[in-house]
Amino acid sequence: MSKPVVLIAEELSPATVDALGPDFEVRTVDGTDRPALLSALAEANAILVRSATKVDAEAIAAAPVLKVIARAGVGLDNVDIKAATTAGVMVVNAPTSNIISAAELTVGHILSLARHIPAAHAALAQGQWKRSAYTGVELYEKTVGIIGLGRIGALITARLQAFGVNVVAYDPYVTSARAQQLGVTLLTLDELLEQSDFITIHMPKTPETTGMIGEEQLAKMKPTAFVVNVARGGLIDEGALQRALENKVIAGAGLDVFTSEPPKDAEALLSLPNIIVTPHLGASTDEAQEKAGVSVAKSVRLALSGELVPDAVNVAGGVIDPYVRPGIPLIEKLGQVFSGLAESPLTSVDVVVKGELAEFDVSVLKLAALKGIFTNVVSETVSYVNAPLLAEQRGVTVRLITDPVSEEYRNIITLTGALSDGTQISVSGTLMGTKQIEKIVEINGYDVEVPFAKHLIVMVYTDRPGIVAVYGKEFGEASVNIAGMQIARHEAGGQALSVLTIDSAAPDGLLDTLRQAIDADVMVEIDITE
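Residues numbered from 1 in each chain as written. Predicted model: local features only at pLDDT ≥ 70, side-chain atom pairs only at ≥ 80, totals over all residues. Heavy atoms only, no water.

Packing of helix H17 (residues 467-477) against helix H18 (residues 510-518) leaves a shortest axis separation of 10 Å and a crossing angle of 160°. Taken as axis vectors, H17 and H18 run roughly antiparallel relative to one another. Regarding H17 and H18, the two cross each other, and that crossing is right-handed. Counting all contacts with H17, which are made through Ile467, Val470, Tyr471, Glu474 and Phe475, the residues of H18 involved are Leu510, Thr513, Leu514, Ala517 and Ile518. Grouping the amino acids of the contact of H17 with H18 by side-chain chemistry returns eight nonpolar, one polar and one charged. (Axes fitted to C-alpha atoms, helices over the stretch in contact; angles between N-to-C directions. Helix = DSSP H or I, 4+ residues; strand = E, 2+ residues; numbered from the N terminus. Parallel < 35°, antiparallel > 145°, perpendicular 65-115°, else oblique. Left-handed = near helix turned anticlockwise from the far one by under 90°. Contact = heavy atoms within 4.5 Å. Nonpolar A, V, L, I, M, F, W, Y, C, P; charged D, E, K, R; others polar.)

See the structure below:
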């Protein structure tokens, strides 16, 4: 029998080929040569790429026997995940390959800012001996604020504590027990901004976190403080940062990532004397690149042998019954709604599967639920295998409960959870009709029937006349179109829950205005990532 064909479209380490082993026919192609790539894909069972090769819908259509696309790195901007999923092609990456490199680069930026290393080097290289001009500060006994206490944040914490610093953190999804374990004090974002001498950001980029450090936040920082971003471009408002550096609102900044890369129209920011910049070097170490190649090579081996693939980003791999598989994207979306409803750290979650599905092995749905819950709340890429680890690190207990009896629906999947403030939340969903349309059918005990959309608004308020007119007017004046709406209540004059689907994200400040206008107990926007 002929061996499966693995196509390597970019230069990868020799260790990557070694990790594939002798069971495959390894071919190479220049992934940037489009005609050559499309021709080579005709017989490929797997393709390994880095960032230069575009594996889009056209490329996937040209690969009739393709089973897996492997990206030797973290980012997946060059892979059309939706087209791959539609074609039944697994997409894998190497989500943990660069975490040590990113943590070390962050520490490097902090040290460079504290001691003016790049500027001092440049001056001396030009023959200028300026010792007094580059007097710096010690890290010892300074306060370092980490925004986002995931795996990279934890690695930075461990490394900086050796300098004798006080580490504080802001992360709404980390429990006090986990922070205590790391030796970190949890603060509100405002408290962290006000108290920290150095601030480093390690959050995912979502509509809520884009520009999270802007004019208002920079103004809260000490004039002697420094801010570092080695995570995602756009978390810091670059215009606001430029003004803060020019006006000495803060002492300096270190950036490895930018809103657009390479940075466009950013000469004024990049040339400031109190900023240190690097060209997205977070994963640019020999070790990280080798780890990435070896990691995806192992994933390719697992995928082509039909086993569960830990780092699959779109399907779980392994033997999953066709009846169960449509529930995977449903429960991932339910997980995103679930975490969007949580206003304090999660302590426990139950994944409850009722109906005919309970007769099958639905363990993958537990993994998919956790993947959805953490997708928009941690900086690292979430997979089916690291999601349980993320839950464990945060002290979240997880149970899978099955019941063959479902009274209202053929199948229903429910996520229920307890939060650290003692409150309970729940969200349920099902697949309806011959087209298997994904719908939310319950939120916190209120019965609804709402299809998923990219932008959801959930409101809870006291039921009374005129409320719909109030928020309809506010959305209209903000030029936000309401695509769908459903209101649920237990009794007239009691609490009502309203779910809106809107065509575009709500502008800044609109939800706060709405909360006050209708005296809402809950007012959240949930953005669903496909």
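After that view of the structure, there is still more to cover.
Spatially, S20-S21-S19-S22 is the arrangement adopted by the four strands of the open sheet, whose pairing is antiparallel. The open sheet is flanked by strand S20 (482-489) and strand S22 (522-527), the only strands paired with a single partner. Averaged over neighbouring strand pairs, the angle between their axes works out to 15° when direction is ignored. Here strand S19 (residues 455-462) pairs with S22 via six bridges, running antiparallel. (Pairing = 2+ DSSP bridges.)

The next thing to look at is helix H15 (residues 363-375). Relative to the 18 Å expected for 13 residues at 1.5 Å per residue, H15 spans 19 Å between its end C-alpha atoms, a close match to the ideal helical length. Counting buried positions along H15 gives ten out of 13 residues, so the element sits mostly inside the fold. Along H15, the positions that sit buried rather than exposed are Val364, Leu365, Leu367, Ala368, Ala369, Leu370, Lys371, Gly372, Ile373 and Phe374. Looking at the buried residues of H15, the elements they touch are helix H14 (327-341), strand S13 (346-355), helix H16 (386-393), strand S14 (397-403) and strand S15 (411-419). (Expected span 1.5 Å × (residues − 1). Buried < 20%, exposed > 50% of the residue type's maximum accessible area, 1.4 Å probe, protein only.)

Spanning 17 residues, helix H5 (residues 99-115) covers 25 Å between terminal C-alpha atoms, matching the ideal 24 Å at 1.5 Å per step. Burial runs high along H5: twelve of the 17 residues are buried. His116 lies just past H5 and shows a positive phi near 55°.

The residue Thr501 is located in strand S21 (residues 495-502) in this model. By relative accessible area, Thr501 is classed as buried at 9%. In this structure, Thr501 is in contact with Val450, Pro451, Ala453, His455, Leu456, Asn481, Ile482, Ala483 and Gly484, ignoring residues within four places of it in sequence.

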